[in-house]
Amino acid sequence: MFFALDVAFLLSMAGMPFVADSLGQAIIDVLPGWISIPLIEALHQWAKILLIVGVIALFLIDGAATGFLAASRRRTALVLGIGLLPWVAAFLFARVFSPLRIEPVTSLIDAAVGAAVFLGALAFILPSALDRSPFAETEPASPGRRRALLGTAAIAAAIAIVSLPLSRIAAVGSGGLGNITTAARRLRTRADIAPADPGVDALPGITPRITANEDHYTVDTTLEWRLDIKGLVESPFSLTYDQLLDLEAVEQVHTLECISNYVGGDLISTALWTGVPLPDLLNRAQVKSGAYDVVFTSVDGYTDSIPIAKAMEDRTLVAYLMNGKTVPQDHGYPARMLVPNIYGMKNVKWIRSIEVVNYDFIGYWQQQGWSDAAPINTNARIDLPGRNIRWNGNAITVAGIAFAGARGISKVEVSTDGAKSWGLATLENAMGPLTWRRWTYAWTPNGPGPANLIVRATDGTGNTETPIGRPPYPDGATGYDSLDVSVARV
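Residues numbered from 1 in each chain as written. Predicted model: local features only at pLDDT ≥ 70, side-chain atom pairs only at ≥ 80, totals over all residues. Heavy atoms only, no water.

S.K.: Quick one: what's the story with the sheet that holds strand E14 (residues 396–403), residue by residue and with numbers?
M.R.: Overall, antiparallel pairing links the four strands, which are arranged E12-E14-E18-E17 in an open sheet. The sheet terminates laterally at strand E12 (379–384) and strand E17 (426–427), the two strands that pair on one side only. In this structure, E14 lies alongside strand E18 (residues 437–443), joined through seven bridges in antiparallel fashion. Note on E18: the bridge partner recorded for threonine 397 is alanine 442. (Pairing = 2+ DSSP bridges. Helix = DSSP H or I, 4+ residues; strand = E, 2+ residues; numbered from the N terminus.)

S.K.: Residues and numbers for helix H2 (residues 19–30), please.
M.R.: Taking 1.5 Å of rise per residue, the twelve residues of H2 would be expected to cover 16 Å, and the 17 Å separating its terminal C-alpha atoms lies within 8% of that figure. Restricting attention to buried positions, one finds in H2 the residues Val19, Ala20, Ser22, Leu23, Gly24, Gln25 and Ala26. (Expected span 1.5 Å × (residues − 1). Buried < 20%, exposed > 50% of the residue type's maximum accessible area, 1.4 Å probe, protein only.)

S.K.: How would you sum up the pattern of salt bridges? Please name residues and give values.
M.R.: For the structure on display, the rule yields eleven salt bridges. A salt bridge links glutamate 313 to lysine 310; its shortest N-O distance comes to 3.5 Å. With a relative accessible area of 16%, lysine 310 lands in the buried category. Across the salt bridge formed by arginine 381 and aspartate 383, the nearest N and O atoms sit 2.8 Å from each other. On the basis of relative accessibility, which here comes to 11%, the residue arginine 381 falls in the buried class. Residues joined by salt bridges that share partners form a network here, namely Arg188, Glu248 and Asp280. (Salt bridge = Lys/Arg side-chain N within 4 Å of Asp/Glu carboxyl O.)

S.K.: Give a detailed account of the packing of aromatic side chains, specifying residues and quantitative values.
M.R.: The description of an aromatic ring pair uses the distance of the two centres, along with the angle that the planes make with each other. Within this structure, the stated rule accounts for ten aromatic pairs. Note on tyrosine 241 and tyrosine 333: the rings are 5.7 Å apart at their centroids and 55° apart in plane angle, and the pair reads as tilted. With a gap of 92 residues between them, tyrosine 241 in helix H9 (residues 241–246) and tyrosine 333 in the loop between strand E9 (325–326) and strand E10 (336–338) connect regions that are remote in the sequence. Using a relative accessible area of 12% as the deciding quantity, one classes tyrosine 333 as buried. When the centroid spacing of 5.6 Å and the interplanar angle of 80° are considered together, the rings of tryptophan 422 and tyrosine 480 count as edge-to-face. Here the residue tryptophan 422 occupies a position in the loop between strand E15 (409–415) and strand E16 (423–424), and tyrosine 480 occupies one in the loop between strand E19 (449–459) and strand E20 (481–489), the gap between them amounting to 58 residues. Looking at tyrosine 480, the relative accessible area reads 21%, which means it is partly exposed. (Phe/Tyr/Trp six-rings, centres within 6.5 Å; stacked < 30°, edge-to-face > 60°.)

S.K.: Quick one: what's the story with the nonpolar core, residue by residue and with numbers?
M.R.: Formed by 49 residues in total, the largest nonpolar core has its most connected members in Leu281, Val318, Ile351 and Ile354. With four residues, helix H10 (residues 278–285) is the largest single contributor of residues to this core. (Core = buried A, V, L, I, M, F, W, Y, C linked by side-chain atoms within 4.5 Å.)

S.K.: Give me the lowdown on the environment of aspartate 6, citing residues and values where you can.
M.R.: Counting through the fold element by element, aspartate 6 comes out in helix H1 (residues 2–12). Its relative accessible area of 39% is what places aspartate 6 among the partly exposed residues. Measuring from C-alpha to C-alpha, the distance between aspartate 6 and valine 117 comes to 9.8 Å, with 111 residues separating the pair along the chain.

S.K.: How would you summarise unusual backbone geometry if you had to cite specific residues and measurements?
M.R.: Excluding glycine, a negative phi dihedral is what most residues carry, and trans is how most peptide bonds are arranged. Put simply, tyrosine 333 and proline 334 share a cis peptide bond, and its omega is 10°. Note on placement: proline 334 falls in the loop between E9 and E10. Residue proline 474 is bonded to the preceding tyrosine 473 through a cis peptide linkage, with omega at 5°. Among the secondary structure elements, proline 474 is positioned in the loop between E19 and E20.

Below, the structure written as structure tokens:
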């Protein structure tokens, strides 16, 4: 079974959904919000990883059970049924519960190949297993069982081969699409990024101003892609990827934060994005009166929406470049939405259609109770120092980042005495109006021993973040980030 899962995983590198992912996605989609949301709250980014590990464990348990049955007196039909169970279940459950998220033909191919490899491998090792079986003396090896395993494996392989021409696989390796260095063809405006503070850059462990593509947080394509602009518009139209690249583009430095990010968490990143302003596309389509929301649908069926007024903001982009490269697949290749001042779940990746509607559209996560407006909460994070400090008597640098969406950051304060008093941190110049700001603070401890560092930020409108701690669900986390440190004299 491990070998069969290996082969199925290798096939997923050609753009097919891995069979364990298919079953895992079906489980996610069938779970009610009152179960899935507390799990996400408790496990954070580990939730889906642990789910897939659990699904793989179920496959391995099934493999052990099938092997035991095959080497016993059990009927051949039962052996085949148990052996095929997880592969068939992964395909059928995905079709029933996740039809828009799991592509049907490629998931069938992956499951069929995995089943064929599993049954074929089992047939290969069965004679040796039967020789060692406790039933060997009373139950002679049956060539019919091995023929049944091989025959069923051949049928599964035939299903995969027949399905192959019907699949949407355009090229081997499509799972690694995007992340290719390139440049915009018609760049209307270039991002004006303020120079970095060399002193801040030199701090070991400080957050880089721009997050590398491979380090950018991510919480999930087809080559034959097009973008449909439709709905309540006078002139609906579609764009191929090449046509999108031919439109006038702008550069924009933009920080994205996940709504499930905890206070002090790392689900926040900044990149230089290039794309087409959404108002350009909507103006071309000529939005009709009565428009209320703009609905975004990804290639995997995920949906979300923003108000028409937000969609018409100049800095709302359909982005196709990230840090001078095509957007990596994990971050939305071939194109994704970038919407100012709201959490990442509404910045839909793998964008497939943009539809103007005349009602309040409720997206996937909003149906689970998460915020619909989803504005960024002002927040600050401590990156430095570490928990164990060796102190030579000089000032210790405390540093980190602060973010408040489009409102910007006007002030960061640090407390070293349990929030009894606050000292003003030094702010690095912001890279743009939609980015985090790095900050530093020189702290001289009163002496060796434990200390508690606390940080708070004030946004550009003068509002300081609330000290009241709140988990991410449903409106994003709040509260001050703090760090307990131990100072030892050297």
